[in-house]
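Residue-level listing of the chains:
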Amino acid sequence: MSTKLFIKYMVSLRCKMMVKEELEKLGLHHVIVDLGTVEILEDITEDQRRRLKESLMKSGLELLDNKKSILIEKIKNVIIEMIHYSDELPKVNYSDYISEKLGYDYTYLANIFSEVKGITIQQFIILHKIEKVKELLIYDELNLTEISYRLHYSSVAHLSNQFKKITGLTPTFYKQLKNKRKRNLEDL
């Protein structure tokens with residue numbers, strides 16, 4: 001019988017490696033270590049849970065107990081994985097995708113998310129899409145039209161408007177700033 005644990009702020013490969021190390025130190029054997037989720041082979045004792053919680057906190061991670069917090073983390077992880085780690089965004093509405101992935105009614109998920117996080121799921125998605133746009137602009141492999149298509153914007157204008165609303169800069173100006181900063185660093 002395996003046990004599932006949920007960990008807040010676990011968003012990178014480095015976090016996953018760190019969690020694996022902490023589990024090993026406690027003599028726990030992991031089956032799966034994924035973004036925000038860990039599955040271990042054995043039941044975890046209260047002492048092991050307490051020690052794991054303490055060691056994770058030192059690294060800025062948080063072991064979750066509360067059912068609402070766990071659901072929020074699951075929502076965030078679905079969105080982060082969807083935007084940052086999949087090659088293709090889903091063709092269906094994000095609301096349908098999230099609802100289907102988590103097996104809950106979207107309205108229920110949206111209400112809990114807003115209540116706990118203070119922003120809507122839609123706002124959270126937009127913030128992450130803009131982060132992805134920044135990343136793609138810096139990599140310089142895709143032009144704005146390709147980025148807009150890849151992230152399912154209705155048009156380049158829509159992407160540009162949203163980007164400017166969030167960052168205060170146009171995508172082109174953002175890219176020029178990054179390039180200028182990179183050139184200045186090379187001159188040092």
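In this report, the structure presented in the accompanying data block is examined.

About the cut-offs
- Per chain, the residues get numbers from 1 upward, laid out in the order the sequence is written.
- Reporting of local features is limited, given that this is a predicted model, to residues whose pLDDT is at least 70; pairs of side-chain atoms are given and counted only at 80 or more, and all residues count toward the totals for whole chains, interfaces and linings.
- Excluded from the side-chain calculation are hydrogens and water; included are all heavy atoms of the structure.
- For this analysis, a ring pair means two rings from Phe, Tyr or Trp (six-membered ring only for Trp) whose centres lie within 6.5 Å, classed as stacked if their planes differ by under 30 degrees, edge-to-face if by over 60, and tilted for the remaining angles.
- Only buried residues count toward a nonpolar core. Its members are Ala, Val, Leu, Ile, Met, Phe, Trp, Tyr and Cys residues joined through side-chain atoms within 4.5 Å.
- Here the term buried applies to any residue with accessible area under 20% of the maximum for its type, exposed to any over 50%, and partly exposed to those in between, with areas from a 1.4 Å probe on protein chains only.
- Numbering goes from the N terminus for both helices and strands, where a helix is a DSSP run of H or I of at least four residues and a strand is a run of E of at least two.
- In what follows, residue pairs with any heavy atoms lying within 4.5 Å of each other are defined as contacts.
- The pairing criterion is simple: DSSP has to find at least two bridges between the two strands.
- In this analysis an axis means a line fitted to C-alpha atoms, helices contributing only their contacting stretch, and an angle means the value between N-to-C directions, from 0 to 180 degrees.
- The length a helix should cover is 1.5 Å for every residue beyond the first.
- Directions are taken from the helix axis to each C-beta atom, and the arc is the one they span.
- Within this document, salt bridges are pairs made up of a side-chain nitrogen of Lys or Arg and a carboxyl oxygen of Asp or Glu, the two lying within 4 Å of each other.

### What to know about the packing of aromatic side chains
Item 1. With the rule as written, the count across this model stands at three aromatic pairs.
Item 2. Between tyrosine 104 and tyrosine 108 the ring centres are 5.6 Å apart and the planes differ by 25°, which places this aromatic pair in the stacked class.

### Section: the nonpolar core
Item 1. One finds Ile75, Ile79, Ile98, Ile121 and Val133 to be the most contacted residues of the largest nonpolar core, which totals 31 residues.
Item 2. If you list the elements that add at least two residues to this core, you get helix 3 (67-84), helix 4 (94-102), helix 5 (106-117), helix 6 (121-139), helix 7 (144-150) and helix 8 (156-167).
Item 3. Other than its neighbours up to four places away in sequence, isoleucine 121 contacts Ile75, Ile79, Ile98, Tyr106, Leu109, Ala110 and Phe113.
Item 4. Counting residues in each nonpolar core, the second largest holds 17 residues, with Met10, Val19, Val33 and Ile40 among its members.

### Quick look at the pairing of strand 3 (residues 37-40)
Item 1. The alternating pattern of strand 3 places Thr37 and Glu39 on one face and Val38 and Ile40 on the opposite face, and all of these are buried.
Item 2. Relative to strand 3, strand 1 (residues 3-8) runs antiparallel, the two sharing four bridges. The partner of lysine 4 across the bridge, within strand 3, is glutamate 39.
Item 3. Examined bridge by bridge, strand 2 (residues 30-34) and strand 3 share four bridges and lie antiparallel to one another. Residue valine 33 lies in a different strand from strand 3, and its bridge partner there is valine 38.
Item 4. Here strand 2 folds back onto strand 3 in antiparallel fashion, the turn holding two residues, of which glycine 36 has a positive phi close to 85°.

### Concerning the sheet that holds strand 1
Item 1. Read across the open sheet, the four strands follow the order 2-3-1-4; overall the sheet is antiparallel. Of all the strands in the sheet, the pair left with one neighbour each is strand 2 and strand 4 (62-63).
Item 2. Across the sheet, helix 1 (residues 13-25) touches strand 1, strand 2 and strand 3, and the angle it forms with strand 2 is around 150°.

### Let's talk about the pairing of strand 1
Item 1. For strand 1, the tally of buried residues reaches five of six residues, placing the bulk of the element in the interior.
Item 2. Bridge count between strand 1 and strand 4: two bridges; the pairing is antiparallel. Of the residues in strand 4, the one forming a bridge with isoleucine 7 is leucine 63.

### Considerations on helix 2 (residues 46-58)
Item 1. Under the 1.5 Å per step criterion, the end-to-end length of helix 2 is 19 Å for 13 residues, consistent within 8% with the ideal 18 Å.
Item 2. Those residues of helix 2 not exposed but buried are Gln48, Leu52, Ser55 and Leu56. Buried positions in helix 2, seen along its axis, are confined to an arc of 100° and lie on one side of it. Facing away from the buried side of helix 2 by over 90 degrees, the exposed positions are Glu46, Met57 and Lys58.
Item 3. Immediately beyond the C-terminal end of helix 2, within one or two residues, lies glycine 60, with a positive phi of roughly 85°.

### Quick notes on the pattern of salt bridges
Item 1. Scanning all chains against the criterion turns up 10 salt bridges.
Item 2. Here lysine 25 makes a salt bridge to glutamate 22, at a shortest N to O gap of 3.3 Å. Note that lysine 25 and glutamate 22 are positioned in helix 1 at a spacing of three residues, about one turn of the helix.
Item 3. Here aspartate 47 makes a salt bridge to arginine 50, at a shortest N to O gap of 2.5 Å. You can see aspartate 47 and its partner arginine 50 sitting in helix 2, three residues apart, about one turn around the helix.
Item 4. Beyond isolated ion pairs, a larger network of salt bridges with shared partners links Asp47, Arg50, Arg51 and Glu54.

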